[in-house]
Amino acid sequence: EEELSKRIIGLAIKVHTTLGPGFLEKVYENALCHELEINNLQYEQQKEISVLYDNYEVGYYIADIVVENKIILELKAVKEIDNIHKAQLMNYLKATNYKAGYVINFASYPKLEFYRMVTWLLSTEISETTEFEKRNAKFNNHKKTCYFSI
């Protein structure tokens, strides 16, 4: 997924460089979808994803873009990425089986701002993780799910 991530960010940078800041989020979303399409990447725009509680559907959310059925993209056109945007992405990843996601902010200037989060189920106990992982991870003890922001 690392190569796919690099391709996605490269395309987002192209959109940001071409359009610049100042448009509504939807403009950047449509432009990025165009780039994904002409670069032969499968994507779903405005994908509805169910949120389950105790195996009961309690709601849903709309992911801006899901690429190759692997990576969630949450697009923003705001002054800067805030903790609430990061929490939103973490919740999206918790509600799905996707391993990675990005918050991408097209309103930043002069460079594109993005935040990457990666998650996976741990196959070992938390005590066996590396010191780096312990310092940089947030653990959900119920599922032993590890979230990394890179």
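The sections below set out a description of the structure shown in this document. Small disclaimer: the values here were computed from a predicted structure and weren't measured.

Take the nonpolar core next. If you look at the biggest cluster of nonpolar residues, it comprises 22 residues, and the most contacted ones within it are L32, I65, V67, L73, I104 and F106. Among the elements of the structure, α1 (2-19), α2 (25-38), β2 (56-67), β3 (71-76) and β4 (100-105) are those that each provide at least two residues to this core. No other element matches α1, which puts six residues into this core. In this structure, Y61, L89, V103 and M117 belong to the second largest nonpolar core, which totals 14 residues.

The next subject is the environment of V51. The topology assignment puts V51 in strand β1 (residues 43-53). Those residues in contact with V51 that sit more than four places away from it in its chain are Y56, E57, V58, G59, Y60, Y61 and A95.

Most of β4 sits out of view: six of its six residues are buried. Burial of the side chains of β4 extends over both faces: A100, Y102 and I104 are buried on one face and G101, V103 and N105 on the other. Alignment of β3 against β4, held across six bridges, turns out to be parallel. Across the sheet, the residue bridging to I71 is A100, located in β4. You can see the chain leave β3, run along helix α3 (residues 83-94) and come back into β4, and the turn it takes is right-handed.

This part covers the pattern of salt bridges. Counted under the stated rule, the structure contains five salt bridges. One salt bridge in this structure joins E2 and K6, with 3.7 Å as the shortest N-O distance. Taken together, the residues span about one helical turn, with E2 and K6 both in helix α1 at a distance of four residues. The pair E2 / K6 is uniform in exposure class, with both members exposed.

Glancing now at the side chain of S108. Relative to the helices and strands, S108 is located in the loop between β4 and β5 (113-121). Its relative accessible area of 8% is what places S108 among the buried residues. In this structure the side chain of S108 is engaged in a polar contact, spanning 3.0 Å, whose partner is the backbone nitrogen of E113.

Cut-off values and rules
Residues numbered from 1 in each chain as written. Predicted model: local features only at pLDDT ≥ 70, side-chain atom pairs only at ≥ 80, totals over all residues. Heavy atoms only, no water. Core = buried A, V, L, I, M, F, W, Y, C linked by side-chain atoms within 4.5 Å. Buried < 20%, exposed > 50% of the residue type's maximum accessible area, 1.4 Å probe, protein only. Helix = DSSP H or I, 4+ residues; strand = E, 2+ residues; numbered from the N terminus. Contact = heavy atoms within 4.5 Å. Pairing = 2+ DSSP bridges. Right-handed = clockwise from strand over helix to strand, strands pointing away. Salt bridge = Lys/Arg side-chain N within 4 Å of Asp/Glu carboxyl O. Polar contact = N/O pair within 3.5 Å; in protein donor to acceptor, adjacent residues only side chain to side chain.

Read these as geometric descriptors, not functional statements.
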